[in-house]
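Coordinate analysis (summary)
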Amino acid sequence: MGGQRLNWDSTYEIVLALKDLYPKMVLEDLSLDDLNALIVKLPGFSDDPELVNDAILQAILREWYEEIGD
């Protein structure tokens, strides 16, 4: 990630990091709680984990679907 700091607004950058770290992830089996746990463990993630909500997680998941669909 080149030292980039990730936060909840970094949707696309989070998706790229998840895609790189978990290339074989079956997104249909991923709960929002599991997604949250994966994100807060990402290298460079520096936002407050308490600030997340379902809408943010759903947007990240939707972006991840789109990214792997390309």
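In short, a report on the structure. (Residues numbered from 1 in each chain as written. Predicted model: local features only at pLDDT ≥ 70, side-chain atom pairs only at ≥ 80, totals over all residues. Heavy atoms only, no water.)

**Notes on the overall build of the chain**
For the chain, the helix and strand inventory stands at 3 helices and 0 strands. Its C-alpha radius of gyration of 11 Å places the chain within 12% of the 11 Å reference for a compact globule of 70 residues. Taken along the three principal axes of its C-alpha coordinates, the chain extends 25 × 25 × 15 Å. Counting every position in the chain, which comprises 70 residues, the buried fraction comes to 31%. Long-range pairs, those at least 24 residues apart, make up 73% of the contacts in the chain between residues at least 6 apart in sequence. Carbon and sulfur atoms form 47% of the exposed surface of the chain, whose accessible area is close to 4,400 Å². Averaging the locations of the 5 positively and 15 negatively charged side chains of the chain gives two centres separated by 7 Å. (Helix = DSSP H or I, 4+ residues; strand = E, 2+ residues; numbered from the N terminus. Rg over C-alpha atoms; globule rule 2.2 N^0.38 Å. Buried < 20%, exposed > 50% of the residue type's maximum accessible area, 1.4 Å probe, protein only. Contact = heavy atoms within 4.5 Å. Areas by Shrake-Rupley, 256 points an atom, 1.4 Å probe, with all protein chains shown as cover. Lys, Arg positive; Asp, Glu negative; His and termini not counted. Charge placed at Lys NZ, Arg CZ, Asp CG, Glu CD.)

**Observations concerning the packing of helix α2 (residues 32-40) against helix α3 (residues 54-69)**
One can describe the packing of α2 onto α3 by two numbers: an axis separation of 10 Å at closest approach and a directional angle of 80 degrees. The angle between α2 and α3 places the two elements in the roughly perpendicular class. For the pair α2 and α3, contact is made by Leu32, Leu35, Asn36 and Ile39 and by Asp54, Leu57, Gln58, Ile60, Leu61 and Trp64, respectively. Considered class by class, the residues forming the contact of α2 with α3 number 7 nonpolar, 2 polar and 1 charged. (Axes fitted to C-alpha atoms, helices over the stretch in contact; angles between N-to-C directions. Parallel < 35°, antiparallel > 145°, perpendicular 65-115°, else oblique. Nonpolar A, V, L, I, M, F, W, Y, C, P; charged D, E, K, R; others polar.)

**A look at α2**
Regarding α2, the residues found buried are Leu35, Asn36, Leu38 and Ile39. Here the buried residues of α2 occupy an arc of 165 degrees about the axis, which is enough to place them on one side. Tucked inside the fold, the buried residues of α2 contact α1 (11-21) and α3. (Arc of directions from axis to C-beta.)

**Here we look at the pattern of salt bridges**
Taken as a whole and assessed by the stated rule, the structure comprises 1 salt bridge. Taking the shortest distance from any N to any O, the salt bridge between glutamate 67 and lysine 19 comes out at 3.2 Å. Here lysine 19 lies in helix α1 and glutamate 67 lies in helix α3, a separation of 48 residues in the sequence. Taking the relative accessible area as the measure of exposure, glutamate 67 reaches 13% and is therefore buried. A relative accessible area of 29% means that lysine 19 is categorised as partly exposed. (Salt bridge = Lys/Arg side-chain N within 4 Å of Asp/Glu carboxyl O.)

**Structural notes on the nonpolar core**
Judged by nonpolar contacts, the single largest core of 18 residues is most densely connected at Ile14, Leu18, Leu35, Ile39, Leu42, Ile60 and Trp64. Mapped onto this core, the elements with two or more residues apiece are α1, α2 and α3. Aside from chain neighbours lying at most four places away, what touches leucine 18 is Leu35, Leu38, Ile39, Leu42, Ile60 and Trp64. (Core = buried A, V, L, I, M, F, W, Y, C linked by side-chain atoms within 4.5 Å.)

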